[in-house]
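Listed here are the chains, written in short residue letters.
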Amino acid sequence: MGELLFVGLGLGGVQDMSVRALAELKSCDVVFAEFYTSKLADAELGELEDFIGKRIRLLDRVDVEEGEELLKEAKRGKVAFLSAGDTMAATTHVDLRLQALDLGIPTRLIHGISIFTACATSLGLQPYKFGRTITLPFPEKGFHPTSPYEHMLENKQRGLHSLVLLDIKADQKRYMSANEGTQWLLDAEDRVGGGLLDAKTVVCAACRVGSSTELLASGYPQTLLAKDLGPPLHTLVVPGKLHFMEAEALVKLAGAPEEILEE
Ligand SMILES: C[S@@+](CC[C@H](N)C(=O)[O-])C[C@H]1O[C@@H](n2cnc3c(N)ncnc32)[C@H](O)[C@@H]1O
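Residues numbered from 1 in each chain as written. Predicted model: local features only at pLDDT ≥ 70, side-chain atom pairs only at ≥ 80, totals over all residues. Heavy atoms only, no water.

**Here's the deal with the site of the ligand**
To keep it simple, the criterion reads: We call a residue near a molecule or strand whenever a single non-hydrogen atom of that residue lies within 4 Å of it. Polar contacts, as counted here, are pairs of nitrogen or oxygen atoms within 3.5 Å of one another; within protein the pair requires one atom able to donate a hydrogen and one able to accept it, and residues that are adjacent in sequence qualify only if both atoms are side-chain atoms. Exposure was quantified through the Shrake-Rupley algorithm and a 1.4 Å probe, taking into account, for residues, occlusion by the shown protein chains and nothing else.
Around the ligand, the structure places 20 residues, and the nearest of them are Ala-89, Ser-114, Leu-166, His-234 and Thr-235. In the environment of the ligand, a nitrogen atom lies 3.4 Å from a nitrogen or oxygen atom belonging to the backbone of Arg-208. Here an oxygen atom of the ligand sits 2.7 Å away from a polar atom, N or O, in the main chain of His-234. Relative to its free-state accessible area of 570 Å², the ligand is covered by the protein chains to the extent of 95%.

**Structural notes on the domain arrangement of the protein**
Stated precisely, the cut-off is as follows: How far each domain reaches was decided by an automatic or database domain assignment. When two parts are brought into contact, each loses some accessible area as probed by a 1.4 Å sphere; the total of that loss over both is the buried area. By convention in these notes, a salt bridge is any Lys or Arg side-chain nitrogen within 4 Å of a carboxyl oxygen on Asp or Glu.
The assigned domain composition of the protein is domain 1 (3-110) and domain 2 (115-262). The gap between the C-alpha centroids of domain 1 and domain 2 is 29 Å. Summing the contributions of domain 1 and of domain 2, the shared interface buries around 890 Å²; its carbon and sulfur component is 66%. The three residues of domain 1 that bury the most area against domain 2 are Leu-11, Lys-39 and Asp-42, which together make up 50% of that side's buried surface. Across the domain 1-domain 2 interface, the total number found is zero salt bridges. Linking domain 1 with domain 2 are one residue pair in polar contact (both at pLDDT 80 or more).

**Quick notes on the side chain of Asn-155**
We apply this condition: Helix and strand definitions follow DSSP, with helices as H or I runs of at least four residues and strands as E runs of at least two, each counted in order from the N terminus. Only protein chains enter the accessibility calculation, which uses a 1.4 Å probe; a residue is then buried when its area is under 20% of its type maximum, exposed when over 50%, and partly exposed in between. We call two residues in contact whenever any of their non-hydrogen atoms come within 4.5 Å of each other.
Mapped onto the elements, Asn-155 comes out in helix H7 (residues 147-157). The class of Asn-155 is buried, set by a relative accessible area of 2%. Looking at Asn-155, its side chain comes within polar contact range of the main-chain oxygen of Arg-132, at 2.9 Å. Among the polar contacts made by the side chain of Asn-155, one reaches the side chain of Ser-162 at a distance of 2.9 Å. What Asn-155 contacts, discounting residues up to four positions off in sequence, is Gly-131, Arg-132, Ile-134, Leu-160, His-161 and Ser-162.

**Regarding unusual backbone geometry**
Of note, the amide linkage connecting Pro-232 to Leu-233 takes the cis form, showing an omega dihedral of 0 degrees. The phi angle at Ala-90 is positive, at roughly 60 degrees, despite the residue not being glycine. With respect to the element layout, Ala-90 can be found in the loop between strand S4 (78-83) and helix H5 (94-102). In this structure, Lys-173 is a non-glycine residue whose phi angle is positive, near 55 degrees.

Laid out in C-alpha cells, this is it:
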C-alpha cells in the first residue's frame, strides 16, 4: 500500500521547507506539485528539483481536482504533493485528502510557513486581532462581487484587521498586485459607500513575504497606488483598531504615516 504526503513548502526559497519535509521527499517514489494556488517567491521548479534530487510532475487545477494520476501513483508507492505556503491553508486540497482516505490510502500533512501568519507577523500585527480572511477576485465583465468588501466592513466594525489575499490566474500568469487590490477596494467603496476606506485610511502591502526581496509598505490608498511594489506575490492588510505597539510597528517596519501613533 502506498501513501500520500501533503507538503507545504513555505513562502520564500527551497530552504524554507522543513528538515522533515526534505527527508521525507528524498524517500518518495513520485513527487507532484501545484503552483496555481500560490508560488515560491525565490525559487522556480528546476531549483526545487535540484534541491530534493528528484523530478517533479507539475499539475494544473484540473489534474488536482480530478486527482486521477496522483491517486493512482499513491495507491502503489510513496507520493508527495507539494504546494507553496501551508498545504491546506486557502487551498481545496482537503478534497484530495478525503478522496485518498476513501480509497484506503493513508495520508499525512507536513506543514509549511503560511502567509496567514507570516503576513501579520512581518508587519508587527497580532494574528489574533484579525477577522475573516478575504480574497479579491480579478474584476471581469459582468462580475463585480461586493461580498469581499462587505466582509471587510464587518471586520472593521468589530475593530479587527482584514487579511486580503489577491487573485491568481496562474494559467494566464496573472497575479493581482497590491496596487490593483487597493484600486479594487476604492472602486467597491464608490459602489457600496459603506465607509470601509477613505483618503486617510491606512492600508498595508506585504510583498514577497519571507523571501530575499520582501517589501512591506503602509500608507494612505493614493500613496500605495503610486508605489512600485515589484513582482508577485502581494497581500493587503486593512488594519482595524491598532494597539499602540502595532501602530509603532507599522510606522517603523512598513513606513506608515506617523500620525497613526496619535490615534
Ligand atoms: C490562495 S492563497 C494560498 C496560501 C498558501 N497556501 C499559504 O499557506 O501561504 C495565495 C495568496 O496568498 C498571498 N501570498 C502567498 N504567498 C505570499 C507571499 N510570499 N507574499 C505575499 N503574499 C503571498 C497572495 O495574495 C496569494 O495570491
